[in-house]
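Overview (structure and organization)
Listed below, chain by chain, are the residues.
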Amino acid sequence: MSNSITAPFTTATGSDIRVRFCPSPTGTPHVGLIRTALFNWAYARHTGGTFIFRIEDTDAERDSEESFEMILDGLGWLGLNWDEGVNVGGPNEPYRQSERTHIYLEVIEKLKASGHIYESYLTAEEIDERNKANGRAVQLGYDNSERNLTEEQKAAYKAQGRSPALRVRVPDVDITFTDLVRGEITFPAGSFPDFVVVRPNGQPLYTLVNPVDDALMGVTHVLRGEDLLSSTPRQIALYNAMFEAGITKFIPQFGHLPFVMGEGNKKLSKRDPQSNLFHHRDRGFIPEGLLNYLALLGWSISADRDVFSLAEMVEAFDVKNVNPNPARFDQKKADAINASHIRLLDVTDFTKRIIPYLQTAGVLGKDVSDREMAILQEAAPLIQERIVVLSEAVGMLSFMFVDAAQISIDDDARAGLPEDSKEITLAAIEVLHQLDEFVTEKIQLSLNTRLIEQMGQKPRNAFGPLRTAISGKRISPPLFESMQIIGKEQTLARLKAFAESL
RNA sequence: GGCCCCAUCGUUUAGAGGCCUAGGACGCUGCCCUUUCACGGCAGUAGCACGGGUUCGAAUCCCGUUGGGGUCACCA
């Protein structure tokens, strides 16, 4: 065992590149986590490499099956597919760490045999006491004092009924690596002590299991959050140990992605609704929009464009172009990007996508009738250019699916109407009543003639009351089109009811 | 505190020594279009944290300062 880093970093390029996404299933998927998944996915697709999906569920306390299902749900919704891993299999099964214990045990034995990990009996309290007694700063942590325990000393501890944790023997050298997004980074020798990789009860920890799986699965490029930057030299030390023990052939390249920040200067916390992937889906973000916005957090496709498709991202994406600055999640900008993507949708596709939102809101039932479908097809194009998130379709369209008697007038729709609203409404009823062909152009023509030309009303005053009567909303799809869609009978019924309420 | 990372308009991002009198987008403001709200179009607003170097020339390279963040667990 040499006291230096002897393992080489991989030089894999192109289709030899293997990246992975390895979340721990704790809680709801976070947008920062999804951004990491996206960058890994895009890099694999760009290079023609392999995208591996592994689950790190070694913490029985915090992991849950429900959370695991949510991650699957999220990735499926977004269309981020993987080549190897959970549910699809591959040459390195299983892909859930909870099922890989036997593998870790083997690796641990090899590392023990090669002398790269050693038994450590001291408890946290004892370590603190040692430091105090030796005039060493407590913050420095473990002092590597058990590196050369004799068999007698070990036996003595065991006689006391103690079981050892296992620590990695860290080489006493500077550890340098070239971060794909930050450039060369060096951690001076002695920056951290020998660290625990296996608990006294034999349970391997993340510090072991994550690099071991990456090594065994042949991962060449580790793209992950900036919070793991400080643990990279530790992992390199472990890779080196595995290399010397003949377990792996290389150290992967590392790229640390910037944080996704929330308000203030804090990481977007799990408590913040904006961090929740499903919060955005529920509001009506479409995958295209959310992925596009997330990509913008730390990356850009070109100097003068920020709306692009996933395919265009794949074509252009390279980790080397990721910006190291932390990025703030800006809801307004995210909304704007999503709105752009909604407008890009094919109308039929758009129509299909708003249906679930209308169903969830109770505007439509589980089965959509032919009549309802016909209304949707006419109405969808009218709102596609005026909503930002899909859920807004509910407020825009609900009035089309109810009877005149069920229309309720919003307060803000009532406010600001002209004094002579009743007169205007009655005049509209009169002229619309005479209309045989109840279509947009005719409706507009007769209303214009009567209200604007003959009564001398301003368009704003003339149509405000009618909009309110028809939709009950201050904001609605275009008025004349809406009248055509709900039909003459409904239009007149609503206008009459409204006139009577004045 | 040790170690590490980061630093361009309010936000995000372009910028890898002269193309920068610093570009785009979101936001905000004004105007146009207009039956509301949007969409679209036009115009405007606003930035290289600070101080030293290096260089004929620095937003770009180096050093320092300041500020922010991360990490130092028998969590992941």
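An account of the accompanying structure is given in this report.

Procedures and definitions
- Residues numbered from 1 in each chain as written.
- Chains lettered and ligands numbered in written order.
- Predicted model: local features only at pLDDT ≥ 70, side-chain atom pairs only at ≥ 80, totals over all residues.
- Heavy atoms only, no water.
- Helix = DSSP H or I, 4+ residues; strand = E, 2+ residues; numbered from the N terminus.
- Rg over C-alpha atoms; globule rule 2.2 N^0.38 Å.
- Contact = heavy atoms within 4.5 Å.
- Areas by Shrake-Rupley, 256 points an atom, 1.4 Å probe, with all protein chains shown as cover.
- Lys, Arg positive; Asp, Glu negative; His and termini not counted.
- Charge placed at Lys NZ, Arg CZ, Asp CG, Glu CD.
- Pairing = 2+ DSSP bridges.
- Axes fitted to C-alpha atoms, helices over the stretch in contact; angles between N-to-C directions.
- Expected span 1.5 Å × (residues − 1).
- Bend = angle between axes of the 7 residues up to and from the residue.
- Salt bridge = Lys/Arg side-chain N within 4 Å of Asp/Glu carboxyl O.
- Buried < 20%, exposed > 50% of the residue type's maximum accessible area, 1.4 Å probe, protein only.
- Parallel < 35°, antiparallel > 145°, perpendicular 65-115°, else oblique.
- Nonpolar A, V, L, I, M, F, W, Y, C, P; charged D, E, K, R; others polar.

**Quick look at the overall build of chain A**
A count of helices and strands for chain A gives 19 helices and 12 strands. In terms of overall size, chain A is more extended than a compact globule, its C-alpha atoms giving a radius of gyration of 32 Å where 502 residues would be expected to give roughly 23 Å. With the principal axes as the frame, chain A shows a C-alpha extent of 105 × 45 × 40 Å. Pairs at least 24 apart in sequence give 76% of the contacts found in chain A among residues at least 6 apart. When the accessible surface of chain A is split by element, carbon and sulfur atoms take 49% of a total near 23,100 Å². Once the 53 positive and 69 negative side-chain charges of chain A are each reduced to a mean point, those two points are 3 Å apart.

**Points about the sheet that holds strand 8 (residues 196-198)**
With antiparallel pairing, the 3 strands of this open sheet are ordered in space as 4-5-8. In the strand order of this sheet, the two ends are held by strand 4 (117-120) and strand 8, each with one partner. Averaged over all pairs of adjacent strands, the angle between strand axes in this sheet comes to 45°, irrespective of strand direction. Alignment of strand 4 against strand 5 (residues 165-168), held across 4 bridges, turns out to be antiparallel. Across the sheet, residue Tyr118 finds its bridge partner in strand 5, namely Arg167. Packed on one face of the sheet, helix 3 (residues 101-113) meets strand 4, strand 5 and strand 8 and runs near 90° to strand 4.

**Overview of helix 19 (residues 479-501)**
Taking 1.5 Å per residue as the helical rise, helix 19 with its 23 residues ought to reach 33 Å, whereas the 20 Å between its terminal C-alpha atoms falls clearly short. Along helix 19, the helix axis deviates most sharply at Gly487, where the bend reaches about 115°.

**Overview of the pattern of salt bridges**
Enumeration over the complete set of coordinates arrives at 28 salt bridges. With its nearest N and O atoms 2.8 Å apart, the salt bridge here joins Asp214 to Arg20. Here Arg20 lies in strand 1 (residues 18-21) and Asp214 lies in helix 6 (residues 206-216), a separation of 194 residues in the sequence. Per residue, the accessibility class of Asp214 equals that of Arg20, and both read buried. A salt bridge links Lys158 to Glu119; the nearest nitrogen and oxygen atoms lie 3.7 Å apart.

**Quick word on the packing of helix 18 (residues 459-471) against helix 19**
The interhelical angle for the contact between helix 18 and helix 19, taken along N-to-C directions, is 85°, at an axis separation of 8 Å. In this view, helix 18 runs roughly perpendicular relative to helix 19, as classed from their interaxial angle. Of helix 19, the residues touching helix 18 (which contributes Phe463, Pro465, Leu466, Arg467, Thr468, Ala469 and Ile470) are Leu479, Phe480, Met483, Ile486, Thr491, Arg494, Leu495 and Phe498. In terms of residue class, the contact of helix 18 with helix 19 is built from 11 nonpolar, 2 polar and 2 charged.

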